[in-house]
Amino acid sequence: GGKPRGAKYPNSLPCLPFIGSLLHLASHLAPHILFNKLQEKYGSLYSFKMGSHYIVIVNHHEHAKEVLLKKGKTFGGRPRAVTTDLLTRNAKDIAFADYSPTWKFHRKLVHAALSMFGEGTVAIEKIISREAASLCQTLITFQGSPLDMAPELTRAVTNVVCALCFNARYKRCDPEFEEMLAYSKGIVDTVAKDSLVDIFPWLQIFPNKDLEILKRSVAIRDKLLQKKLKEHKEAFCGEEVNDLLDALLKAKLSMENNNSNISQEVGLTDDHLLMTVGDIFGAGVETTTTVLKWAVAYLLHYPKVQAKIQEELDVKVGFGRHPVLSDRRILPYLDATISEVLRIRPVAPLLIPHVALHESSIGEYTIPQDARVVINLWSLHHDPNEWENPEEFIPDRFLDENGNHLYTPSQSYLPFGAGIRVCLGEALAKMEIFLFLSWILQRFTLEVPAGDSLPDLDGKFGVVLQVKKFRVTAKLREVWKNIDLTT
Ligand code: HEM
Ligand code: PLO
């Protein structure tokens, strides 16, 4: 205890009552925007205390990298919160689990399973292409009439994750899929707000309505997950691994055979299996879908970008075949557009909060044990010293002078985080986003329906930065009207 001699702590915001009113005044701002703005007054690294929690906000990439990479293990903890505890049966998952052998073990298992089924293999490309084809088919049936693409994109992405996790897929209007859409929205709207609620009174989590919605949604999700687990247990013979759930079951079985109690110790209980699959399923659906929605929203705002992607597709892929993963090399402008979407609208603008496992430092500042460290990725991605016109959507900033190669023009870019807590799904997400967008844009031009206004680009802050609902018309491109590329 006690303040070490000579210790210098990050700049602190004024004490509570003041912050309360300051934040109240600022209540129209989303947290990541407010934290970005507070730099003007307090510098890029500052802290405040809320209740018993000491919170540090990091707005500069050098500090962010020190936290995530150089001192990744020290800052590898996670805070507990009422809502995430509800979602994950007290942090028996990966994303919201504190640093522990159990967390490490599950991360390793999932990582191995994901590489086995997908990343880099033909299997995953096939699965994604099948869903892309189905999505394009759906768009054709809507020809000309305005549609909300969100549920269609969600279904396509859900089916990819569903194949990976459960070796299953949903048809349009499948009641189980509709149920999933509903509970997922319920969770996204309410979860993880409480870790910020002390700070942001206007987030209004305390109304029990939100907690009720969350509990109800989680109960429905758990029932679905439970059913999948039961089916998999019954079908699993101990050898053939068809999906992530099989892989987890196999690990559990082999551990139980080798050593009676170790599976309990390391956390391979049914609860852990369910929550881990729940994480991958939830992360797999919400993040990738969100990026696709942002991409469409920006393409509507920047039709020239859309036209340029289509030109690239026409020249490099042509009209005789569908895009494939290996086309990423020859479609740098599309890849740059995806990078720019992930910059300008990061899926997780504050990542997930980190916790200092013991006393440490960031830059020249002492950080006490148990401090919650929030990386403001929004600030990194909108830093005017690193990005020219950061508010402008400019895919070209990710291309070299010749426009042939993707490169990262700034260190201040971490859409998937970094270090020991780095996203587990980066490779999968990138494959999906690339294939879905290339398939759609090869054949369709996306436009704002007559009479509708352009999509809102502010979004809605939550556990992911959500896109507000908007409609699109997907017009079959003229050149494609006489081409039959049967899938
Ligand atoms: C964590 C971004 C897609 C699984 C994270 C984090 C970010 C992130 C920023 C937090 C890192 C931190 O707290 O330091 C994204 C983006 C995605 C995406 C931008 C899409 C473009 C996915 C997908 C999956 C996934 C498809 C699953 C297949 C996870 C998991 C964690 C995580 C399990 C928690 C890791 C841990 O705490 O140990 N992601 N993600 N993500 N992501 Fe993703
Ligand atoms: C999304 C809603 C699901 O029903 C449950 C779920 C599980 C894992 C969460 C995910 C939600 C939101 C995005 C998260 C992911 C873990 C990692 C990912 C927080 C709540 C990110 C972007 O950090």
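Counting from 1, residues in each chain are numbered in the order their sequence is written. For naming, the first written chain is A and the first written ligand is 1, with later ones following in the order written. Local features in a predicted model are, by the rule used here, given only for residues with pLDDT of at least 70; side-chain atom pairs are given and counted only at 80 or more, and totals for whole chains, interfaces and linings are based on all residues. Derived side-chain values reflect all non-hydrogen atoms in the structure, with water molecules and hydrogen atoms excluded from consideration.

Asks: It is not clear to me how the coordination of the iron atom of ligand 1 should be interpreted in this structure. Could you clarify?
Replies: The reference angle at a metal is 109.5 degrees if four donors form a tetrahedron and 90 or 180 degrees if six donors form an octahedron. Any nitrogen, oxygen or sulfur atom within 2.8 Å of a metal ion counts as a donor, with the limit raised to 3.2 Å for Na, K and Ca, and since water is left out, coordination shells can look unfinished. Within the protein, a single donor atom binds the iron atom of ligand 1, namely Cys423 (SG) at 2.3 Å. Under the DSSP-based scheme used, a helix requires at least four consecutive residues in state H or I and a strand at least two consecutive residues in state E, with every element numbered from the N terminus. Structurally, Cys423 is set in the loop between helix 16 (377-381) and helix 17 (426-443).

Asks: In this structure, what is going on with a nonpolar patch on the surface? I would like to understand it.
Replies: The grouping of Phe319, Val479 and Ile483 at the surface amounts to a nonpolar patch, some 210 Å² of accessible area in total. Looking at the secondary structure, you find Val479 in the segment after strand 9 (473-476). Patch building starts from residues that exceed 30% relative accessible area and form no salt bridge, then joins like charges within 9 Å and nonpolar side chains (Val, Leu, Ile, Met, Phe, Trp, Tyr) within 5 Å. Here the Shrake-Rupley method, with its probe set to 1.4 Å, supplies the accessible areas, and only the displayed protein chains count as covering residues. A pair is scored as a salt bridge if a Lys or Arg side-chain nitrogen falls within 4 Å of a carboxyl oxygen belonging to Asp or Glu.

Asks: What's the story with the pairing of strand 2 (residues 45-50) in this structure? I'm lost.
Replies: In summary, the side chains of a regular strand alternate between the two faces of the sheet. Among the six residues in strand 2, five count as buried, and that is most of the element. Pairing between strands requires that DSSP locate at least two bridges from one strand to the other. Relative to strand 2, strand 1 (residues 11-12) is paired through two bridges, and the arrangement is parallel. Residue pairing in the sheet places Asn11 in a bridge with Tyr46 of strand 2. As paired strands, strand 2 and strand 3 (residues 53-58) are joined by six bridges and run antiparallel to one another. When the sheet's bridge partners are listed, Met50 is paired in strand 3 with His53. Throughout this description, buried means an accessible area under 20% of the type-specific maximum (1.4 Å probe, protein chains only), exposed means over 50%, and partly exposed covers the range between.

Asks: Just checking my understanding: could you explain the side chain of Glu312 for this structure?
Replies: If you trace the backbone, Glu312 turns up in helix 14 (residues 303-316). Positive charges come from Lys and Arg, negative ones from Asp and Glu, while His and the chain ends are left out of the count. Despite its burial, Glu312 pairs with no opposite charge, the nearest such side chain being Lys316 at 4.3 Å. What Glu312 contacts, discounting residues up to four positions off in sequence, is Val317, Ile330, Leu331, Pro332, Tyr333 and Leu334. Contact between two residues is taken to exist if any of their heavy atoms lie within 4.5 Å; hydrogens are not considered.

Asks: It is not clear to me how the sheet that holds strand 4 (residues 354-355) should be interpreted in this structure. Could you clarify?
Replies: Within a sheet, adjacent strands bond to each other through the backbone by hydrogen bonds, running parallel or antiparallel. Strand order in the open sheet formed by five strands is 1-2-3-7-4, and the pairing between neighbours is mixed. Each having just a single partner strand, strand 1 and strand 4 make up the two edges of the open sheet. Seen against the sheet, helix 2 (residues 31-42) touches strand 1, strand 2 and strand 3 and runs at an angle of roughly 110 degrees to strand 2. Running over the sheet, helix 3 (residues 61-70) touches strand 2, strand 3, strand 4 and strand 7 (372-375) and is turned about 125 degrees from strand 7. Fitted lines through C-alpha atoms give the axes, limited to the stretch in contact for helices. The angle between two N-to-C directions lies from 0 to 180 degrees.

Asks: I would appreciate a short explanation of the site of ligand 1 in the present structure.
Replies: The immediate surroundings of ligand 1 are formed by 27 residues, with Arg78, Arg107, His354, Arg421 and Cys423 found nearest. Tallying contributions element by element places helix 13 (residues 270-301) first for the shell around ligand 1, with six residues. Classification used: nonpolar for Ala, Val, Leu, Ile, Met, Phe, Trp, Tyr, Cys and Pro, charged for Asp, Glu, Lys and Arg, polar for all others including Gly. Looking at the shell around ligand 1, its residues break down into 18 nonpolar, six polar and three charged. Working definition: residue near molecule or strand if any one of its non-hydrogen atoms lies within 4 Å of it.

Asks: In this structure, what is going on with the environment of Ser412? I would like to understand it.
Replies: Structurally, Ser412 is set in the loop between helix 16 and helix 17. Sequence separation of Ser412 and Tyr54 is 358 residues, and the distance between their C-alpha atoms is 25 Å. Not counting the four nearest positions on each side in its chain, Ser412 is found in contact with His61, Leu380, His381, Asp383, Glu386 and Trp387.

Asks: Hey, could you run me through the nonpolar core in this one?
Replies: Side chains that are nonpolar tend, in soluble globular proteins, to be buried together. Ranked by size, the top nonpolar core spans 113 residues in total, and within it Met149, Phe436 and Leu446 carry the most contacts. If you tally residues by element for this core, the top one is helix 13, at 16 residues. Each residue touching Met149, except ones within four places of it in the same chain, is listed here: Leu139, Val296, Ile440, Leu446 and Val472. What makes a nonpolar core is a set of buried Ala, Val, Leu, Ile, Met, Phe, Trp, Tyr and Cys residues whose side-chain atoms join them at distances within 4.5 Å. Grouped together as the second largest cluster of nonpolar side chains are 20 residues, Leu45, Tyr54, Val373 and Ile375 included.

Asks: Explain unusual backbone geometry to me, please; I cannot follow it from the model alone.
Replies: In most cases, non-glycine residues show a negative phi, while peptide bonds are predominantly trans. Within the chain, Leu351 stands out as a residue other than glycine whose phi angle is a positive 45 degrees. Looking at the secondary structure, you find Leu351 in the loop between helix 15 (332-344) and strand 4. Judged by relative accessible area, which is 18%, Leu351 ranks as buried. Positioned with a positive phi, Asp370 is a non-glycine residue whose angle comes to about 70 degrees.

Asks: Got a minute to help me understand the site of ligand 2 in this structure?
Replies: The environment of ligand 2 is made up of 15 residues, and the closest members are Ala95, Ile187, Glu286, Ile352 and Val463. Coverage of ligand 2 by the protein chains reaches 90% of its 480 Å² of free accessible surface. At the level of elements, helix 8 (175-190) and helix 13 are the ones that each hand at least two residues to the shell around ligand 2. Of the residues belonging to the shell around ligand 2, the class tally is 10 nonpolar, three polar and two charged.

Asks: Any chance you could explain the packing of helix 7 (residues 150-166) against helix 8 here in plain terms?
Replies: How two helices pack is summed up by the angle between their axes together with the distance between the axes. Contact geometry of helix 7 with helix 8 gives a least axis separation of 11 Å together with a crossing angle of 110 degrees. Relative to helix 8, the element helix 7 is oriented roughly perpendicular. Contacts between helix 7 and helix 8 involve Pro151, Thr154, Arg155 and Thr158 from the first element and Phe177, Met180 and Leu181 from the second. In terms of residue class, the contact of helix 7 with helix 8 is made up of four nonpolar, two polar and one charged. Comment on the angle field: the value is read as roughly parallel under 35 degrees, roughly antiparallel over 145, roughly perpendicular from 65 to 115, and oblique elsewhere.

Asks: It is not clear to me how helix 7 should be interpreted in this structure. Could you clarify?
Replies: In an α-helix, one turn spans 3.6 residues; hence positions three or four apart end up facing the same way. In a helix, the anticipated span is given by 1.5 Å times the number of residues less one. The end-to-end C-alpha distance of helix 7 is 23 Å, a good match for the 24 Å that 17 residues give at a rise of 1.5 Å each. Taking burial as the measure, the 17 residues of helix 7 include 16 buried ones, the bulk of the element. Immediately downstream of helix 7, the backbone of Asn167 shows phi near 55 degrees, a positive value.

What is shown is where atoms sit, not what they do.
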